[in-house]
Amino acid sequence: MALLKVFHLVPMEMGFFLAIQTSLIAFFILYYANKVTQAMAFAVVYSVMMAYLMSPAVPLKLLTFLQANNIPIVFVGKMVQVLANYRNGSTGQLSVVTIFLLFTGSLARIFTSIQETGDNLVIMTYVVASICNGILLMQIFWYKNSGQKGKVE
């Protein structure tokens, strides 16, 4: 989508390398779980899908649809953790440094996306991620004295 809309390549390159890293993690999880056939099948299917999605053959409407679906996926993924923290009355072993870096990183991505792309879907993805990461960061400070105890049932 970035090439079709003539965006700067930096955000696209970063997303590409993150996709490679994530796919390698998924591959190695399968591989080291002695699921070599599934790992190889995953690698082939993932590679074919990525080659198609990065080709000029893919319709812009499909890319827009997939990017729009990223927003609820980010929201649900983060809110699962937020709700688990609430139910437990604790953030468990969540790292304040990691959550802080996720929060500030997603805030920074809002501003770089505004300047580099101007794409509202990309910007909204980072706005949602920033809000959710901010909630997680607030929970860390809210529950910081609760330790691993959680709620008493």
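Below, the structure is looked at part by part.

Procedures and definitions
Residues numbered from 1 in each chain as written. Predicted model: local features only at pLDDT ≥ 70, side-chain atom pairs only at ≥ 80, totals over all residues. Heavy atoms only, no water. Helix = DSSP H or I, 4+ residues; strand = E, 2+ residues; numbered from the N terminus. Buried < 20%, exposed > 50% of the residue type's maximum accessible area, 1.4 Å probe, protein only. Contact = heavy atoms within 4.5 Å. Areas by Shrake-Rupley, 256 points an atom, 1.4 Å probe, with all protein chains shown as cover. Polar contact = N/O pair within 3.5 Å; in protein donor to acceptor, adjacent residues only side chain to side chain. Phe/Tyr/Trp six-rings, centres within 6.5 Å; stacked < 30°, edge-to-face > 60°.

## What to know about the overall build of the chain
Here's step 1: What the chain contains, in helices and strands, is five helices and zero strands.
Here's step 2: Starting at the N terminus, the α and β elements of the chain follow one another as α-α-α-α-α.
Here's step 3: For the chain, the proportion of its 153 residues judged to be buried stands at 27%.
Here's step 4: Within the chain, counting contacts between residues at least 6 apart in sequence, those at least 24 apart form 70% of the total.
Here's step 5: Only carbon and sulfur atoms are counted for the fraction: they give 72% of the accessible area of the chain, which is about 10,500 Å².

## Regarding unusual backbone geometry
Here's step 1: Its identity is not glycine, yet Asn34 carries a phi of approximately 60°, on the positive side.
Here's step 2: If you trace the backbone, Asn34 turns up in the loop between α1 (9-32) and α2 (36-53).
Here's step 3: Judged by relative accessible area, which is 72%, Asn34 ranks as exposed.

## Observations regarding the side chain of Ser130
Here's step 1: Structurally, the position occupied by Ser130 is in helix α5 (residues 120-142).
Here's step 2: A polar atom in the side chain of Ser130 sits 3.3 Å from the backbone nitrogen of Leu107.
Here's step 3: Setting aside residues up to four positions removed in sequence, Ser130 forms contacts with Phe103, Ser106, Leu107 and Ile110.

## A word on the packing of aromatic side chains
Two measures describe an aromatic ring pair: the distance that separates the ring centres and the angle between the ring planes.
Here's step 1: Inspection of the entire model under this criterion finds five aromatic pairs.
Here's step 2: Taking 5.9 Å as the distance between ring centres and 15° as the angle between the ring planes, the aromatic pair formed by Phe27 and Tyr31 counts as stacked. Placement of the pair is Phe27 and Tyr31 together in helix α1, with a separation of four residues, close to one helical turn.
Here's step 3: Relative accessible area serves as the criterion here: at 15%, Phe27 is assigned to the buried category.
Here's step 4: When its relative accessible area of 34% is taken as the criterion, Tyr31 is described as partly exposed.
Here's step 5: Taken together, the aromatic side chains of Phe27, Phe28, Tyr31 and Tyr32 make up a single cluster linked through ring pairs.

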